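A closer look at the structure
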Amino acid sequence: MKDIIQFTTDIQDSFITSLGFRTFIPAKTLHIISCNSAAQLLTIARKQPIDIIMSMYTSPTPDSLHARKLGLSPALFPLLKKKHIALGFAFRDIITCTSADIKALIIGRMMSLVNICRAYHIPMVLCSFATTTWELRGARDLWSFGRMIGMTGKEATDALHFNRPQKSVRLL
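Here goes a summary of the coordinates provided. Here, residues in each chain are numbered from 1, in the same order as that chain's written sequence. Side-chain atom pairs in this predicted model are given and counted only at pLDDT of 80 or more, local residue features only at pLDDT of at least 70, and totals for whole chains, interfaces and linings cover all residues. Side-chain calculation: all heavy atoms of the structure are included, whereas hydrogens and water are not.

**Notes on the pattern of salt bridges**
Formally: By definition, a salt bridge exists where a carboxyl oxygen of Asp or Glu is found within 4 Å of a side-chain nitrogen of Lys or Arg. Helical segments are the DSSP runs of H or I of at least four residues, strand segments are the runs of E of at least two, and each set is numbered from the N terminus. Buried, partly exposed and exposed residues are distinguished by accessible area as a fraction of the type maximum, computed with a 1.4 Å probe on protein chains only: under 20%, between the cut-offs, and over 50%, respectively.
In this structure the tally under the stated criterion is 3 salt bridges. Between Arg118 and Glu155 there is a salt bridge whose closest N-O contact spans 2.9 Å. Taken together, the positions of Arg118 in helix H5 (residues 100-120) and Glu155 in helix H7 (residues 153-160) put the pair 37 residues apart, joining distant regions of the chain. On the basis of relative accessibility, which here comes to 32%, the residue Arg118 falls in the partly exposed class. Judged by its relative accessible area of 18%, Glu155 falls in the buried class. Here Asp158 ties to Lys154 by a salt bridge, and the two come within 2.9 Å at their closest N and O atoms. Of this pair, Asp158 and Lys154 both sit in helix H7, 4 residues apart, roughly one helical turn. The exposed category is assigned to Lys154, whose relative accessible area is 60%.

**Some remarks on H7**
Operational definition: Comment: arc refers to directions from the helix axis out to C-beta atoms. Whether two residues touch is decided by their heavy atoms; if any such pair falls within 4.5 Å, the residues are in contact.
Of the positions making up H7, those classed as buried are Glu155, Ala156, Ala159 and Leu160. Around the axis of H7, the buried residues are gathered within 135 degrees of arc, so they sit on the same side. Elements in contact with the buried residues of H7: strand E1 (2-5), H5, strand E6 (124-127) and helix H6 (139-148).

**Examining the nonpolar core**
This is how it is decided: The criterion is simple. A nonpolar core is a set of buried Ala, Val, Leu, Ile, Met, Phe, Trp, Tyr and Cys residues joined through side-chain atoms within 4.5 Å.
Grouped together as the largest cluster of nonpolar side chains are 60 residues, with contacts concentrated most on Ile4, Ile53, Leu87, Phe89, Leu126, Ile149 and Met151. In terms of residue count, H5 provides more of this core than any other element does, 7 residues in total.

**Focus: the pairing of strand E5 (residues 86-90)**
Quick reminder of the rule: We call a crossover right-handed when, viewed with both strands directed away from the observer, the connection leading from the first strand over the helix to the second proceeds clockwise. Two strands are said to pair when DSSP picks up at least two bridges between them.
Burial of E5 is extensive: 5 of the 5 residues sit out of reach of the surface. Here E5 shows no split at all, with Ala86, Gly88 and Ala90 on one side and Leu87 and Phe89 on the other all buried. Read from strand E4 (residues 52-54) through helix H3 (residues 76-82) to E5, the crossover connection turns out right-handed. Relative to E6, E5 runs parallel, the two being bridged by 4 bridges. Along E6, the bridge assignment pairs Gly88 with Val125.

Spatial relationships are all this shows, so hold off on functional conclusions.
Laid out in structure tokens, this is it:
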């Protein structure tokens, strides 16, 4: 299991294994984008290589009565599947939230995104996305978080085993 973190201090291997991970992946080594605008995300996804889209569910605007404001448009889902772009769910967004109302709103949006990812077969990533060692969580905590937002056990396990898709070269 791997966790994606934002800081790059030296972490001892014994600490990594005590949390239940094989390794930590620095966020700088991946093409991660955080965006709330669906139109901006669509233009970026068409032009640049992206591995993971994070924090699209953190828009402060309230949801309408009948639909969640997910930050993604339906036109984007086939593109995400075609380009093998994963949607990331960061536990840090829940930890650092100060208001219980906003925390509930973010969890509800995450639950809706899990259902959409399942319907369109979009890969999902669970990570702590920690900025300090105090925000790190164990692998079982992240797995439980995935189960809480609606992932099955297999989906949560697969989301913790994120592998960057290898670009295939087609010879003519």
